[in-house]
Every structure is written in structure tokens, then in C-alpha cells.
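Here is what each chain is made of, one letter per residue.
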Amino acid sequence: FYSCIIPLFCQENKLEEGIRLFEMMRTSNFTADSLVYEVLLQSLCKNLRLDDVIKVLEEMMETGLMPPNNVFAVVVYVFCKLGKVDDAMKFLEDKQIMETSACNVLLEGCCSTGKFLMAEDLLVKMSERNVADCNSWNIVIRWLSEHARIREVRELLGRMVVSCSLPDCDTYSALVVCHCKMSNYR
């Protein structure tokens, strides 16, 4: 019953009803499965209820269930959306999560809040651990390009190629943006 109804409430964004059933399920000594946890976490994230997200996530991990990678990415997005980029970084470090999609969301959050040095440090860590993909590099290159920092763009582009990540259309688009920002249309 709980495994069927909680996801339905969460999918219809009736979060309070879903949480109430979740509490009843725990009171009745039923253990939630990974689907219930995942849907509940997604719904809590959608409603930016970060404290509840952390509680449910920790409870899930205590029961021995590991959330899928997309859940960590969504949780990091909520941290960033609420302006808690430093807390997002600490969250990933505490949970020992070095997964590409979650880290890319954090890179986006760092860049959008102007914490470029934090983004650069994260990109270096990701590269060292072989979890940086082309999109990871492009996030930072795009930010540098939008701020017309061509020297740093070229340096980062060189590091990207050395790390065996080849530029794609987004990379070249960022380079065009950088040159346009510098009025270098030729």
C-alpha cells in the first residue's frame, strides 16, 4: 500500500500527504524501499525542503540503501538554488560523493554565484579522479568566456585536451562568446 500510494502523492505534488503516509509507514515498522525514498526525495527537492531532504537521505543510507546518482545531483541543485554552495561542497565531501553529474551541478552553482576559484578547485579534483567529462570543462570555460578572460580560457582549454577530453560544440561556442565579449569578431 505505502509503496504504491506515496509515489502517487509525490508525483501529484501532494507532498504533505506523502510525508504523512511515510511517517505512518515508519510508525507501523514498515521499511521503505528505494523507490519510495527516491520519489519522496525528488518531491522534497522540487519543493526546496532541504532540511527534510537531508533527514530522509540520511535515513535511507542508514537502512543500507544507496541513492542513485541523479538524487545527489538534485540535492546539490537544491543547495545551490538556496545559495548554499559552500554547504553543497561540504555535503559532497562528507558523503564522499565524487560523481560527475552531482559535481557538474556544483560547478554550475559555483560559477553562477561567482565562486570561480571554488569551481576551478573542484574541476581539478574531478580531473584528478577521472570524473570530469567534457561538460565539466565546458561549464568553467563558458563562465570564463562570458567574463572575457581569454588567457584563462586558453589555459583551461589546453588542460582539457591534455586530460583527454576533446572540445565539442559547446566548447567552441564558448570560445566564440569570449571573442565576441572582447569585440574580436574576426
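Just above, that's the structure.
On a predicted model such as this, the values are computed, not experimentally measured, just so you know. (Residues numbered from 1 in each chain as written. Predicted model: local features only at pLDDT ≥ 70, side-chain atom pairs only at ≥ 80, totals over all residues. Heavy atoms only, no water.)

S.K.: Looking at this structure, I do not really get the side chain of Glu99. What am I missing?
M.R.: Relative to the elements of secondary structure, Glu99 occurs in the loop between helix 6 (85-94) and helix 7 (100-112). The side chain of Glu99 sits in the buried core without any salt bridge; Arg129 is the nearest counter-charge, 12 Å away. In this structure the side chain of Glu99 is engaged in a polar contact, spanning 2.6 Å, whose partner is the side chain of Ser101. Here Ala102 takes part through its backbone nitrogen, which lies 3.1 Å from a polar atom of the side chain of Glu99. (Helix = DSSP H or I, 4+ residues; strand = E, 2+ residues; numbered from the N terminus. Buried < 20%, exposed > 50% of the residue type's maximum accessible area, 1.4 Å probe, protein only. Lys, Arg positive; Asp, Glu negative; His and termini not counted. Salt bridge = Lys/Arg side-chain N within 4 Å of Asp/Glu carboxyl O. Polar contact = N/O pair within 3.5 Å; in protein donor to acceptor, adjacent residues only side chain to side chain.)

S.K.: Teacher, can you tell me more about the packing of aromatic side chains here?
M.R.: We describe a pair of aromatic rings using the distance from one ring centre to the other and the angle between the two ring planes. Tallying each qualifying case throughout the model produces six aromatic pairs. Between Tyr2 and Phe30, the ring centres sit 5.8 Å apart and the planes meet at 55 degrees, which makes this aromatic pair tilted. With Tyr2 in helix 1 (residues 2-11) and Phe30 in the loop between helix 2 (15-27) and helix 3 (34-46), the pair connects residues that are 28 residues apart, well separated along the chain. Joined through ring pairs, the aromatic side chains of Phe1, Tyr2 and Phe30 make up one cluster. (Phe/Tyr/Trp six-rings, centres within 6.5 Å; stacked < 30°, edge-to-face > 60°.)

S.K.: When you look at the pattern of salt bridges in this model, what are you seeing that I'm missing?
M.R.: For side chains bearing opposite charge, pairing can occur when the charged atoms are close. Following the criterion strictly, the structure yields twelve salt bridges and no others. We note a salt bridge from Glu23 to Arg26, for which the minimum N-O separation is 3.0 Å. One end of the pair, Glu23, and the other, Arg26, are both in helix 2, three residues apart, so they sit about a helical turn from each other. The partner of Lys115 in a salt bridge is Asp86, with the nearest N and O atoms 2.8 Å apart. Of the two residues, Lys115 sits in the loop between helix 7 and helix 8 (116-128) while Asp86 sits in helix 6, which places them 29 residues apart along the sequence.

S.K.: Even after reading the chapter, I still don't get the state of the cysteines, so can you show me in this structure?
M.R.: A disulfide bridge is the covalent bond that connects two cysteines by way of their sulfur atoms. Tallied over the full model, the rule gives zero disulfides. For Cys178, which is in no disulfide, the shortest distance to another cysteine sulfur is to Cys180 and amounts to 9.3 Å. For Cys178, a relative accessible area of 0% translates into the label buried. (Disulfide = S-S within 2.5 Å.)

S.K.: Teacher, can you tell me more about the nonpolar core here?
M.R.: It is characteristic of soluble globular proteins that their nonpolar side chains tend to be buried jointly. Membership of the largest hydrophobic core comes to 64 residues, with the highest contact counts inside it found for Phe91 and Leu106. With eight residues, the single largest contributor to this core is helix 5 (residues 69-81). Apart from the residues lying within four places of it in its own chain, the contact partners of Leu106 are Val76, Cys80, Val85, Ala88, Met89, Leu92 and Leu122. (Core = buried A, V, L, I, M, F, W, Y, C linked by side-chain atoms within 4.5 Å. Contact = heavy atoms within 4.5 Å.)

S.K.: It is not clear to me how helix 8 should be interpreted in this structure. Could you clarify?
M.R.: In this model, helix 8 (13 residues) spans 18 Å end to end at C-alpha, consistent with the 18 Å of a helix rising 1.5 Å per residue. Along helix 8, the residues that are buried comprise Phe116, Met118, Ala119, Leu122, Leu123 and Met126. Considered in projection along helix 8, the buried side chains sweep an arc of 155 degrees and stay on one side of the axis. Exposed positions of helix 8 whose direction lies more than 90 degrees from the buried face are Leu117 and Glu128. For helix 8, the elements touching its buried residues are helix 6, helix 7, helix 9 (134-146) and helix 10 (150-162). Backbone geometry just after helix 8 places Asn130 at a positive phi near 60 degrees. (Expected span 1.5 Å × (residues − 1). Arc of directions from axis to C-beta.)

By themselves these figures say nothing about function.
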